[in-house]
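Given next are the chains, with one letter for each unit.
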Protein chains: 2
Amino acid sequence: MIRIAVDCMGGDHGAHVTVPAAVAFLARKPDASLVLVGTASVIDSELDKAGGDRSRIRVLHATEIVAMDEPPAAALRGKRDSSMRLAIDLVKSGDADCAVSAGNTGALMAMARFVLKMLPGVERPAIASAMPTQTGHTLMLDLGANVNCTAQQLLQFAVMGSALAAIMDTKERPSVGLLNIGEEDIKGNDVVKEAADLLRASGLNFHGNIEGDDIYKGTTDVVVCDGFVGNVALKTSEGLARMFAVYLREEFTRSWFTRFAAFVSLPVINAFKSRVDPRRYNGASLLGLRGIVVKSHGSADSVSFQSAIERAYQEAKSDLPNLISRHMEALQEPVPT
Amino acid sequence: MIRIAVDCMGGDHGAHVTVPAAVAFLARKPDASLVLVGTASVIDSELDKAGGDRSRIRVLHATEIVAMDEPPAAALRGKRDSSMRLAIDLVKSGDADCAVSAGNTGALMAMARFVLKMLPGVERPAIASAMPTQTGHTLMLDLGANVNCTAQQLLQFAVMGSALAAIMDTKERPSVGLLNIGEEDIKGNDVVKEAADLLRASGLNFHGNIEGDDIYKGTTDVVVCDGFVGNVALKTSEGLARMFAVYLREEFTRSWFTRFAAFVSLPVINAFKSRVDPRRYNGASLLGLRGIVVKSHGSADSVSFQSAIERAYQEAKSDLPNLISRHMEALQEPVPT
């Protein structure tokens, strides 16, 4: 049985989205059970509306909620009885195998790090998420947890990303690309150049330097970069996708003829939309911790939040932290040359 | 009369594209003249094919060509009679007002910097290009010339970008955004935080921190970032656009019905395509030099290469280097607080 702690109060929509999503997820997974953490009366009322089997659901009351714009340090100090904190505490105490939250990213990161601690050999946690590609998907990290990274930390991200990609794609040795501004070894800043040297000697399946367009080409199974670059790449992609959507809508609503074209094309547009649907890729993993925590997008709807729960469930089933630990140990042994 | 030096041998297609593009451009601008630099026999043959008025065209023979994959240092030392070098030399000697090349970016940058030198107060050249937005376009820099930037250099990029945006959009005080991973002042790495302080005190129209999605929202007229981040954002966008194109093609060719939908939607799709057409935005300015040099994409076709020539022409007409110099001087005066 995989026991999942869900922070029901996080995100833009709170329990109104998280509870029905959790119930729907549970209906699909007979080997999962849930601890729904938050304001008990609110959760109970949402559970009544959602219906379904409650035998595998427990509600844990929390008296506080971390606000979406609350400074992480303040939340860490002051919100010890928040739904977010209690969900993480459940992972720490072993009463849950993983936690999911759509709340404040900074606060979640700070609490997870404080409560769960880092795995041996990992200096900093990283945020990893799957991204769609021309041929499937790739796993990218770090997406914003670390704005200044050393080469050693980029190497650790590569190890953690490889472990997660191995689980997600059931691949023995996922390929790792280092995000750079050219494929040649001489390109890039000093940190990236040093990281490439470390990766080459790491025993990982290191593909080499890749460029921004390689992310969506799907050139490698894992894309490694520092959190500043990763966050900019992610947000830039979101912005471009939104601009395309706006342009398409404008062009398809320009005249009666284009409206007819839109009508005829609706199945095609819907098929296209579902392929690039960011909800399918919701669920960013906080890697490097002694426990599993998955961050959902704050604006997640029910479908989207279920994807995040599914990510946590999969990681718990494969015991990801243990796998990362073993990979980290293997890294520290001298590599035969 | 604006005199434009065109490196006809650069790019993936060489004179076959650059010469017809130059001739077509000239036909639209009665106040422009061209020096076409490269293998004279090749250029003459392309000119014969292209036809048109040759009274404002001069051909300058060059015995060498810089290869697209040639190391910049080697090109700088060894290719002093290349079409690229001679085009830049013409700007230096005052025989041309600007130069355009679709050749090797690194070599162009190295030669331009060596021959033309930097403007006073500018430490490093930056690559700037217009990007489409939901509402028009924005000017982004640096796109890859500098992988390690200081806060002072980011400030200089902002000054140069403001000057170019002022010309492009005839705006008195273009707004400047600093690319970061959050809007709050506390976000980002140390260099970006320091740059924000400098920008706030600069007298420029500083909007503040922006995030990746603000690029395509068109939140500011100018987007400032270091060359590593800018290059990743640009290439990531190219990759995402290509993935969308592949997906759309796949969905529209799936069955006889979707092919019919594609046929009906053709005018809409073409209108959409022309709005996001990267050819309209071709032409990256090498800013900070004592002279105007514009880099075209290597794979540019005729339409695309004309956009790059147009960019150089506009910058020459407005005497951009002089404008940047004046802005740099204004910056060095103490700002009243």
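The following refers to the structure shown. Here the structure is a predicted model, which is why all the values come from computation and not from measurement. (Residues numbered from 1 in each chain as written. Chains lettered and ligands numbered in written order. Predicted model: local features only at pLDDT ≥ 70, side-chain atom pairs only at ≥ 80, totals over all residues.)

1. Side note on the pairing of strand E5 (residues 126-132) of chain A
Residue and element names in this part refer to chain A. Selection rule: Residues with at least 20 neighbouring C-beta atoms inside 10 Å of their own are called buried, those with 12 or fewer are called exposed, and the rest are partly exposed, where every C-beta is derived from the backbone. A helix here means a DSSP run of H or I that spans at least four residues, while a strand means a run of E at least two residues long, and both kinds are numbered starting from the N terminus. Two strands form a pair only when DSSP identifies at least two bridges running between them.
In terms of burial, E5 is largely enclosed, as seven of its seven residues are buried. Burial along E5 is two-sided: Ala 126, Ala 128, Ala 130 and Pro 132 and Ile 127, Ser 129 and Met 131, pointing in opposite directions, are all buried. Bridge count for E5 against strand E10 (residues 284-287) is three bridges, and the pairing is antiparallel. Within the sheet, the bridge partner assigned to Ala 128 lies in E10 and is Ser 285. Here E5 pairs with strand E6 (residues 137-141) via five bridges, running antiparallel. Among the inter-strand pairings, Pro 132 is bridged to a residue of E6, identified as His 137. Hairpin geometry of E5 and E6 is characterised by an intervening segment of four residues between the two adjacent antiparallel strands.

2. Some words on the packing of helix H1 (residues 15-28) of chain A against helix H2 (residues 40-50) of chain A
Residues and elements named next belong to chain A. Just so we agree on the cut-off: Whenever a helix is involved, its axis is fitted only over the stretch in contact; in every case the axis is a line through C-alpha atoms, and angles between N-to-C directions fall within 0 to 180 degrees. Any angle that falls under 35 degrees is termed roughly parallel, while one over 145 is termed roughly antiparallel, one within 65 to 115 roughly perpendicular, and all others oblique. Two helices cross in a left-handed way if the nearer one is turned anticlockwise from the farther one by less than a right angle. They cross in a right-handed way if the turn is clockwise. C-beta atoms are placed from the backbone for every residue, and two residues are taken to be in contact when these atoms lie within 7 Å. Residue polarity follows a fixed list, in which Ala, Val, Leu, Ile, Met, Phe, Trp, Tyr, Cys and Pro are nonpolar, Asp, Glu, Lys and Arg are charged, and the others, Gly among them, are polar.
At a closest axis distance of 9 Å, the pairing of H1 and H2 adopts a crossing angle of 50°. Considered as vectors, H1 and H2 are oriented oblique to each other. Every pair of crossing elements has a handedness; the one defined by H1 and H2 is right-handed. Seen from H1, the contacting residues are Ala 15, His 16, Val 19, Pro 20 and Val 23; seen from H2, they are Val 42, Ile 43, Glu 46, Leu 47 and Ala 50. Grouping the constituent residues of the contact of H1 with H2 by class yields eight nonpolar, one polar and one charged.

3. Concerning helix H7 (residues 190-200) of chain A
All names here are of chain A. Using the following cut-off: Throughout, the arc means the angular range of directions from the helix axis out to the C-beta atoms.
Every buried residue belonging to H7 is among Val 192, Ala 195, Ala 196 and Leu 199, and all of these are buried. Within H7, the buried residues cover an arc of 105° as seen down the axis, which keeps them to one side. Away from the buried face of H7 by more than 90 degrees, exposed residues Asp 190 and Asp 197 are located. Along its buried surface, H7 packs onto helix H6 (151-169), strand E7 (175-179) and strand E8 (205-210).

4. Observations concerning the interface of chain B and chain A
Between chain B and chain A, the contact holds 46 residues from the first and 46 residues from the second. Put simply, the parts of the chain that give the side of chain B that touches chain A at least two residues each are helix H8 (212-217), helix H9 (227-252) and helix H10 (256-276) of chain B. Among the elements that line the side of chain B that touches chain A, the one with the most residues is H9(B), at 21 residues. Its residues assigned to classes, the side of chain B that touches chain A comprises 24 nonpolar, 13 polar and nine charged.

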